[in-house]
Each structure stands twice: as structure tokens, then as C-alpha cells.
Amino acid sequence: MKDYVLGMIGLGTMGRNLLLNMADHGYKVAGHDKDQSKIDLLIKEFSKENVKGFHSVNEFVESLKKPRAIMMLVPAGKIVDQVIAEIAPLLDEGDLLIDGGNSHFTDTNRRVEELKGKKLHFFGMGISGGEEGARKGPSMMPGGDEKAYQVVQSVLESVAAKVKGEPCVTYIGPGASGHFVKMVHNGIEYGIMQLLAETYELMKTGLKLSDEKMHSAFKTWNEGRLQSFLVEITRDIFAFKEKGVDHLLLEDIKDEARSKGTGKWTSQVAMDLQSPTTLIDTAVSMRDLSKYKSLRTKAATMYKGTEAIKSSPDEFLKSIEGALYFSTIIAYAQGMFLLSEASKEFKYNLKMDKIALVWRGGCIIRSVFLEDIYQAYKKDNTLTHLLLDSGVQDKVNSVISDARTVVAAAVSSGIAIPAFTAALSYFDTFRSGRMPSNLIQAQRDYFGAHTYERIGKEGVFHTQWFAK
């Protein structure tokens, strides 16, 4: 029967869970995968008649209600193009394809244009929340053809996470805006994860805290202004031991961080748009540096090690909490500013308050601070930078001394906290009415006759700085 309202291609953990989420909400949905075992698992987990798995792509397509709505949750890159090449000839004019993976936004732009020529609708949709979010309620960021979005709007709003009764999904904008916003979300995620890793280093190496003390600190923090998904799972990691083992599993995990590239993409496009994301850039670089384990191990034998932080652990923990809150604000601020600059450059017409709204629940970077971000942009939809909001100003002023205390102590003790340092340096530069960049302009003119501008005078100038 041709009455399944949505089809899912790719029945891995994310695709299967999201499809089952839709079925939980009463929608008739169909799934397709070339791996029969994944189809069998789908049916095993949900045996009711409103879910059906298909091994045949033709039968899968024929089962869908018109206009057909098909979501792909497959690995980004060439596989997406392969799926499109296989499925597009089977579709009719007006059918809709959704890429729910972490595709690069430039690939999404290309696919939008290619499928438009075939009179098919296409949009990229960022999905955040991991496998649990997909099953219980993710945050979703669809961008592309707005009329096409309306075909599946009710389904997506039903399955999305809810905060204060509001679904964590909204139409983001045209073109590849949905995937762009998800990319920046992941960049912010990189930044906050690096901050939490450095917090761990401050606690363990700097203060010599026990596992129980670190767990207790994160438990307390997650009940206050730092409440967030990432702080919550870090709390749990500091208490997890494998059965029969007397130490944390964390101690057995290699200190080499992996990545799938979305943080790097954020930094790359930020540099292209000249929108500084120094904290995110640092987080990407530290993941890269972590992979050089043999070099780091050799260097550790050649240079003097770190020293314990000379401060009361309880008092310094308070400073760490404030510094983490401050630096987290900077991570969000850099990401939001990048979105606003991209919106102008790519004509996305992004609604910054709506983006904050859909990030409040379901996604990896959800936190109570996102409510402050939402309110800031809701109050002033022309706000150019989050740090210029008076409410955020008050929060920053309340913890800036903690950030300075922590960075100074860490530097004195030889403890590396590059993300905290990047956050503080960005803030101190951002609040500078006059930067020393005039010297750079003088140097550029000296060695390359690149010219410069003068204060109080129109035009460009060049000086003969040395005698010929």
C-alpha cells in the first residue's frame, strides 16, 4: 500500500532510532537498507504494522505516499551522492529528498542545484543528540526549500525534543543553511569539550583531586548555571568503573582524540569569512596535537614537568567553575557571530533566536545558558554580537576575575589550558578600543608598500620608511 508518510534510507543506529521515534508518534514509516540484518533489527525492535523494512529499493519507493518524502542517514561524502544517483531516477516531480547526515554545506549547495534541475526538492538537515536523541527527541536544523519542509514539518515537530512545550526544530533558511548551522553547532561542541578536558587537567594535575572529588564538583556544577548535557555526561564519566575494576574506565582510554572533521570545517569557513573563532580553532588544533603521542612522550622526558597549583583546592574549584562558565559563553558567542556573518554572506536570513531555541533541547550543546542566548536575540534581533547584550555583559563581568585567576595559575604551574587562554585573549582583544594592529600595517607598508590608512584623514598612504 502506498501510504507510508516517510521513508528512511540507512538503518544504522541513528536512522533506525529516528524512524522508530516517528513510529512511536503514530506515523506510518518505511525503511530501506542493503544490509538485511539491519532491516531485521528494525522489525525486531518495533513489530507494529506502521513500520516496514524493505531490502528492495523499488518496493521501498513504491510504498511511499506522494509527494514522497525520503530521508537519508548515511555517511557524508560520496555515499550520499551514490544514494541520490540510485534513488533519483525512481522519484517523480515534486518528491522530496532529505540529507540528515553531517554533509559539508558546499556539497549540499551542489546537490540542491542538481536535483532542482530534475524537479526534485532537496534539503539538508542537521540532526543533533546522538542515538538517544534520535530515539527520544533530537534537535533538528532543516534548511532548503521551505515549501518542501512543510511536507514533513508536522512529522519533525512531533519527534523533536521539547523545551517548555516548544519543539526543537524550525525552518532554518534557504540552500545549505541547515547543514551550515549544524556545522557551527559542532564547532561550538569541539570548543566546550576541549574546555572540559582542560578542566579535568586542572583538577587532576593541578589540584591532585580524587575521582570522587571531581565527580562531586561536576555533579554540583550541573545543578547550577553550568547545567548542560556535556557537563552531565562528564559527571557520569568521573564515576564509571568497569565491573571488577577499582579505577575509572577513563584512566584506560588513550589520550588521542579523534574527529570527523566538522570542527575543522567550522574553523576553515570562519577564516574564509574573517569571523574569528579562536577557541574553536584551538580545540581543533589540540585534537590534532593529541595524535602525536610518541613526540609528546619524548618531549615529556626532555623538559621540566608541571607543578601543583599553590592554592586552596576548594577555593580554586570555585574559580575553575567561574572560568568554565566564562569560557563557555565565549564559545557560544564566537559560534553565533560566525552564523550572523555567514547569514549576510550567503543570504541565509538566519533567525538567531530560533537557532538558540532549537539548541535548548535534544542537542549535544544544550545548556541552560542557551535560554539566555535565546532571550538576548529575541529582545534584539539586530544584535550583532552576543557579548554586546547587557544581560550577557553582567554574566561575563561576574566571572572574568575567575578566568584571569585560573589562566594565571595554570601558566605559572606549566599546565596547558589553551582553550581557556584563547577565550580570555579573545575577550580582552574584543573589548580593546585600540589594538596594536597599527604596527602590523606599518610593517606591511615598510616591507611591501601595502599602504595604510590614517586616523582622521581620508585615503590610503604609503611612506618611504628607510633612506634609499
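Worth saying up front: this structure is predicted, and the values here are computed from it rather than measured. (Residues numbered from 1 in each chain as written. Predicted model: local features only at pLDDT ≥ 70, side-chain atom pairs only at ≥ 80, totals over all residues. Heavy atoms only, no water.)

1. As for the packing of aromatic side chains
Following the criterion strictly, the structure yields 20 aromatic pairs and no others. Ring centres of Y4 and F54 lie 6.5 Å apart, and the angle between their planes is 85°; on these two criteria the pair is classed as edge-to-face. One end of the pair, Y4, is in the segment before β1 (6–9); the other, F54, is in strand β3 (residues 51–54), with 50 residues separating them in the sequence. Using a relative accessible area of 8% as the deciding quantity, one classes Y4 as buried. Among the aromatic residues, ring-to-ring pairing joins Y446, Y452, F461, W465 and F466 into one connected group. The ring of Y374 carries the charged tip of R360 above its face, separated from the ring centre by 4.9 Å. (Phe/Tyr/Trp six-rings, centres within 6.5 Å; stacked < 30°, edge-to-face > 60°. Helix = DSSP H or I, 4+ residues; strand = E, 2+ residues; numbered from the N terminus. Buried < 20%, exposed > 50% of the residue type's maximum accessible area, 1.4 Å probe, protein only. Lys NZ or Arg CZ within 6 Å of the ring centre and 35° of its normal.)

2. Re the pattern of salt bridges
Taken as a whole, this structure holds 34 salt bridges when the rule is applied. The closest approach of N and O atoms between R135 and D24, which form a salt bridge, is 2.3 Å. Pair noted here: R135 is in helix α6 (residues 130–136) and D24 is in helix α1 (residues 13–24), with a separation of 111 residues, a long-range link. On the basis of relative accessible area, D24 is assigned to the partly exposed category, the value being 43%. In this structure, K136 engages E132 in a salt bridge whose closest nitrogen and oxygen atoms are separated by 3.5 Å. Note that K136 and E132 are positioned in helix α6 at a spacing of four residues, about one turn of the helix. One network of salt bridges, with partners in common, ties together D81, D99, D107, R110, R111 and E114. (Salt bridge = Lys/Arg side-chain N within 4 Å of Asp/Glu carboxyl O.)

3. Here's the deal with the side chain of H104
Tracing the chain through its elements places H104 in the loop between β5 (96–99) and α5 (105–116). On the accessibility criterion, H104 (17% relative accessible area) is buried. For H104, the side chain forms a polar contact with the side chain of T106, separated by 2.8 Å. (Polar contact = N/O pair within 3.5 Å; in protein donor to acceptor, adjacent residues only side chain to side chain.)

4. Comments concerning helix α11 (residues 262–272)
Given 3.6 residues to a turn, an α-helix orients residues that are three or four positions apart in the same direction. Listed in full, the buried residues belonging to α11 are T262, G263, W265, T266, S267, V269 and A270. As for α11, its buried residues are in contact with α5, α8 (177–206), α12 (278–290) and α14 (313–346). One or two steps after α11, the chain reaches Q274, where phi turns positive at roughly 55°. (Contact = heavy atoms within 4.5 Å.)

5. A few points about the state of the cysteines
In the structure shown here, the tally under the stated rule is zero disulfides. Cysteine C168 remains unbridged, with the sulfur of C363 as its closest cysteine sulfur at 7.5 Å. Among the residues examined, C363 registers a relative accessible area of 0% and is labelled buried. (Disulfide = S-S within 2.5 Å.)

6. Some words on the nonpolar core
F326, L339 and W359 are the most contacted members of the largest nonpolar core, which has 89 residues in total. Ranked by residues supplied to this core, first place goes to α14 with 16 residues. In this structure F326 touches V396, V399, I400, A403, A423, L424 and F427, once residues within four positions along its chain are discounted. (Core = buried A, V, L, I, M, F, W, Y, C linked by side-chain atoms within 4.5 Å.)

7. Digging into the sheet that holds β3
An order of β3-β2-β1-β4-β5-β6-β7 is seen for the seven strands of this open sheet, with the pairing classed as mixed. The sheet is open, and its two edges are formed by β3 and β7 (139–144), each paired on a single side. Between one strand axis and the next, the sheet turns through 25° on average, direction left out of account. In this structure, β5 lies alongside strand β6 (residues 121–128), joined through four bridges in parallel fashion. Residue pairing for β6: L97 is matched across the bridge by F122. (Pairing = 2+ DSSP bridges. Axes fitted to C-alpha atoms, helices over the stretch in contact; angles between N-to-C directions.)

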